[in-house]
Amino acid sequence: MPTVSAHVAAALADHIDHVFGVMGNGNAYFLDALERSTEVGFTAVRHEAGGVVAADAHHRAGGGLAAATATYGAGFTNTLTALAEAVQAHVPLVLVVGDEPTSGRRPWGVDQIALASAVGARTYTVGRTDAAATAVIAIEHALTYRVPTVLAIPYDVASLEAGPVPGVPEPRIPGPLAPTGSFAARAIRDAAAALAAASRPLLIAGRGAWLADAGDALGAVADATGALTASTALGRGIFPRPEFDLGVTGGFGAEAAMDLVAQADVAVVFGASLNPFTMRFGALFAPGTHVVQVDLAATASHPHVGAYIRADAGLVARAIADELAAIGAAPSGWRESVDAASARSYDAGDDVAPDGRLDPRSAARRIGELLPEDRVVVSDGGHFIGWANMYWPVASPDRMVMIGTAFQSIGLGFPSVAGAARARPDATIVLTTGDGGGLMALADLESAVRVAGGRGLAVVWNDAAYGAEVNLYGLKGLAEEPMLIPEVDFAAVARGFGAEGVVVRTLADLDRLAEWARMPAYDRPFLLLDLRVSGRVIAPYQHEIIRVNS
């Protein structure tokens, strides 16, 4: 007879194809049912946070509903940082966990509902008679609000017989938020008119535009107006005409490209929150730029926005394109007058920095030249995030997965490889991580090596320090000793996990990457590059942080 846990597994199986996590006594019956009675795959990771991270990366690289599992108590509390990141990043995810018995909390228990609520996740607790229906409600909540939900199975209920799995309604998911009413119609006409009259029009797109499938419509708007284009770090690759694209805006952007952004007289931003990093802490646009924002938030998210349209970015982009066609808009000619490719180029760096260690700019540039074209880049958090964003272009927004930046966390890198590898079984998964974050996530180096195999590459920016802290607080004169890390031989550690590890002190040491990239994926090992880089070369976006905090 199916158990309560089997009901949960069956309800989830209609909406997911993979679960990541760690087994414990609180979720053992759920995993047993998942393995025995569904076609859903399960990938074990080595830390509970890694389960949520891998599920998060699986969604960002492949779409769909993310799913993770952990036991109760310490297993659940281990997930909280990763859960907070997924909340901040608006990832639809269901975390199946054990929970305290219905008889009450035991001495070692914690209030899991309160802890989940504290990071922004709602909890749904199943009972003996409503497990499947409750699971569907949790799925519906996650997909409707694009937020993680916790699906809790009390310990004394998990193995109870619950009868045949009942038929339950499909989740009801609302459609895209349409721009309705006379006010929205006028706002769209005004945006189109402003773009048509602009001498230097600019379009910027973020991850929200990608999720709204707005790429083709944005291309039509750009062609109709002669607009230059740019994207946020999570929207890169969305515009169809790269020859007129300025790359990533904000601190990851090239200086010449950002100078062109500042010249825009009209800028329309689709599906981007305009956070401080994208906005260069308020310095992205010139004071005279008319900024229109299209997003799903209740209100405009930056004071420099002059007009706001709350609606789906794809629907609004198509409406603006139709309006431009109706009024016979002519291209401004601005984009043909500039060399966008040159503007978005970055400093090539030196072979070595003045302190004798590898210059991260030249290393990033050379790695970018050698990486397989069919790649997904997954990024941990830390000072080094600028290098991959600047020097490693990707084909589309779902191929740049930055887990940790929404919550400003580090240490979520290695397990993200496993999630992205399951979502993209034919692509090369490239991790960029620092030595500090790498050490935090080290348990799931094993997961990365096991799951990605020869499709996996990890680049560790090893400067023997917490670089972001040194760059900000060290420059303020605070004691640097707590900010330093003894230099770790990550290459040797990688070999212990069954990967190939290479210490990179010179650009010539990257020849091994060239050889590796030419090999068939099935015939090569997981490769970890231990880059001994200089911490004295500061990423441009960090200079902006230093400026506003000095």
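Just above sits the structure.
Residues numbered from 1 in each chain as written. Predicted model: local features only at pLDDT ≥ 70, side-chain atom pairs only at ≥ 80, totals over all residues. Heavy atoms only, no water.

1. Some thoughts on the sheet that holds strand E14 (residues 400-402)
Note the following rule: Strand pairing is assigned whenever DSSP detects at least two bridges linking the two strands. Each helix is a run of DSSP H or I of at least 4 residues and each strand a run of E of at least 2, with the numbering of both proceeding from the N terminus. Note on geometry: axes are C-alpha line fits, over the in-contact stretch for helices, and angles between N-to-C directions span 0 to 180 degrees.
Spatial ordering of the open sheet is given by E14-E13-E15-E16-E18-E17, a layout of six strands whose pairing is parallel. The sheet is open, and its two edges are formed by E14 and strand E17 (500-504), each paired on a single side. Between one strand axis and the next, the sheet turns by 15° as a mean value, whatever way the strands run. Here three bridges tie strand E13 (residues 375-379) to E14, and the two strands are oriented parallel to one another. Note on E14: the bridge partner recorded for Val378 is Val401.

2. Comments concerning the pairing of strand E10 (residues 266-270)
Stated precisely, the cut-off is as follows: For the exposure calls, accessible area comes from a 1.4 Å probe over protein chains only, and a residue counts as buried if that area is under 20% of its type's maximum, exposed if over 50%, partly exposed in between.
With respect to burial, E10 is a largely interior element, five of its five residues being buried. Residues Val266, Val268 and Phe270 point to one face of E10 and Ala267 and Val269 to the other, with burial holding for every one of them. With five bridges joining them, strand E7 (residues 201-205) and E10 adopt parallel strand pairing. Note that in E10 the partner of Leu202 across the bridge is Ala267. Across five bridges, the pairing between E10 and strand E11 (residues 290-295) is parallel.

3. Side note on the packing of helix H3 (residues 48-62) against helix H16 (residues 413-423)
Applied cut-off: Between 65 and 115 degrees an angle is taken as roughly perpendicular, under 35 as roughly parallel, over 145 as roughly antiparallel, and anywhere else as oblique. If you view the pair so one helix is near and one far, a crossing is left-handed when the near helix is turned anticlockwise from the far one by less than a right angle, and right-handed when it is turned clockwise. Any two residues whose heavy atoms approach within 4.5 Å at even a single point are treated as in contact. When residue character is reported, Ala, Val, Leu, Ile, Met, Phe, Trp, Tyr, Cys and Pro are called nonpolar, Asp, Glu, Lys and Arg charged, and the others, Gly included, polar.
Between H3 and H16, whose axes approach to 7 Å, the crossing angle comes to 40°. What the angle tells us is that H3 and H16 run oblique. Our pair here, H3 against H16, has a crossing hand that is right-handed. From H3, Gly50, Val53, Ala54, Ala57, His58, Ala61 and Gly62 reach across to H16, where they touch Pro415, Ser416, Gly419, Ala420, Arg422 and Ala423. Grouping the amino acids of the contact of H3 with H16 by side-chain chemistry returns seven nonpolar, five polar and one charged.

4. Quick word on the side chain of Asp56
For Asp56, the position within the fold is in helix H3. Those residues in contact with Asp56 that lie beyond four places of it in its chain are Ala66, Glu85, Ala86, Val91, Leu93 and Ile403.

5. As for helix H12 (residues 313-326)
Note the following rule: Helix span is expected to be 1.5 Å times the residue number reduced by one. For the purposes of these results, a polar contact is taken to be a pair of N or O atoms within 3.5 Å, where, inside protein, one atom must be able to donate a hydrogen and its partner to accept one; residues adjacent in sequence count only when each atom of the pair is a side-chain atom.
Here H12 spans 20 Å end to end across 14 residues, near enough to the 20 Å set by a 1.5 Å rise per residue. Buried residues belonging to H12 abut helix H8 (181-197), helix H9 (207-211), helix H10 (215-225), E10, E11 and strand E12 (307-310). A distance of 3.0 Å separates the backbone nitrogen of Gly314 from a side-chain oxygen at the start of H12, and that oxygen is part of Asp312. Where H12 terminates, the next one or two residues include Gly328, which has phi positive at roughly 70°.

6. Structural notes on unusual backbone geometry
Positioned with a positive phi, Phe281 is a non-glycine residue whose angle comes to about 55°. As for its position among the elements, Phe281 is in the loop between E10 and E11. On the basis of relative accessible area, Phe281 is assigned to the partly exposed category, the value being 29%. If you check the backbone angles, Gln408 has positive phi at about 60° while not being a glycine. Looking at where Gln408 falls in the secondary structure, it is placed in the loop between E14 and H16.

7. A word on the nonpolar core
This is how the line gets drawn: By convention a nonpolar core is built from buried Ala, Val, Leu, Ile, Met, Phe, Trp, Tyr and Cys residues, the set being connected through side-chain atoms within 4.5 Å.
In terms of nonpolar packing, the biggest core is built from 55 residues, with Leu95, Val150, Val378, Val417, Phe526 and Leu528 touching the most fellow members. A total of seven residues in this core trace back to one element, the largest contributor, which is H3. Once residues within four sequence positions are removed from consideration, Leu95 is found in contact with Val52, Ala68, Thr69, Ala70, Phe76, Thr79, Leu83, Thr149, Val150 and Leu151.

8. Some details on the sheet that holds E10
Hydrogen bonds along the backbone pair up the strands of a sheet, which may run parallel or antiparallel. If you walk across this open sheet you meet the six strands as E9-E8-E7-E10-E11-E12, and the pairing is parallel. If you trace the sheet from one side to the other, it starts and ends with strand E9 (245-248) and E12, each paired once. For this sheet, the mean inter-axis angle between neighbouring strands, taken without regard to orientation, is 15°. By the bridge criterion, four bridges tie E11 to E12 in an arrangement that is parallel. By the bridge assignment for E12, Val294 is matched with Ile309.

9. Quick notes on the pattern of salt bridges
Operational definition: By definition here, a salt bridge exists when the distance from a side-chain nitrogen of Lys or Arg to a carboxyl oxygen of Asp or Glu is within 4 Å.
Summed over the entire model, instances satisfying the criterion amount to 27 salt bridges. The partner of Glu487 in a salt bridge is Arg357, and the shortest N-O contact between them spans 2.9 Å. Of this pair, Glu487 sits in the loop between helix H19 (467-474) and helix H20 (490-496) while Arg357 sits in the loop between helix H13 (340-343) and helix H14 (360-370), and the two are 130 residues apart along the sequence. We classify Glu487 as partly exposed; its relative accessible area is 40%. Here Arg450 and Glu446 are joined by a salt bridge, their closest N and O atoms 2.9 Å apart. Note that Arg450 and Glu446 are positioned in helix H18 (residues 445-452) at a spacing of four residues, about one turn of the helix. In the salt-bridge network here, residues are joined through shared partners; they are Asp223, Arg241, Glu243, Arg335 and Glu336.

10. Brief notes about the pairing of E7
The buried fraction of E7 amounts to five of the five residues, a majority that puts the element mostly inside the structure. Side chains Pro201, Leu203 and Ala205 project from E7 onto one buried face, and the interleaved Leu202 and Ile204 project onto a second face that is buried too. Pairing of E7 with strand E8 (residues 228-231), which is carried by four bridges, proceeds in the parallel orientation. Bridge assignment links Leu203 to a residue of E8, and that residue is Thr229.

11. Description of the side chain of Ser379
Relative to the elements of secondary structure, Ser379 occurs in strand E13. With residues near it in sequence (within four places) discarded, Ser379 still touches Phe384, Ile385, Val401, Met402, Ile403 and Thr432.

12. As for the environment of Gly73
Turning to its location among the elements, Gly73 is positioned in the loop between strand E3 (66-70) and helix H4 (74-77). Along the primary structure Gly73 and Thr180 are separated by 107 residues, whereas in three dimensions their C-alpha atoms are 47 Å apart.

13. Considerations on the environment of Gly453
Looking at where Gly453 falls in the secondary structure, it is placed in the loop between H18 and strand E16 (456-462). Discounting residues that sit within four places of it in the chain, Gly453 has contacts with Ala448, Pro525 and Phe526.

14. Some remarks on the packing of H19 against helix H22 (residues 540-549)
Between H19 and H22, the shortest axis-to-axis distance is 10 Å and the interhelical angle comes to 35°. Considering only the axes of H19 and H22, their crossing is right-handed. Where H19 abuts H22, its residues Gly467, Ala468, Asn471 and Leu472 lie against Gln542, Ile545, Ile546 and Asn549.

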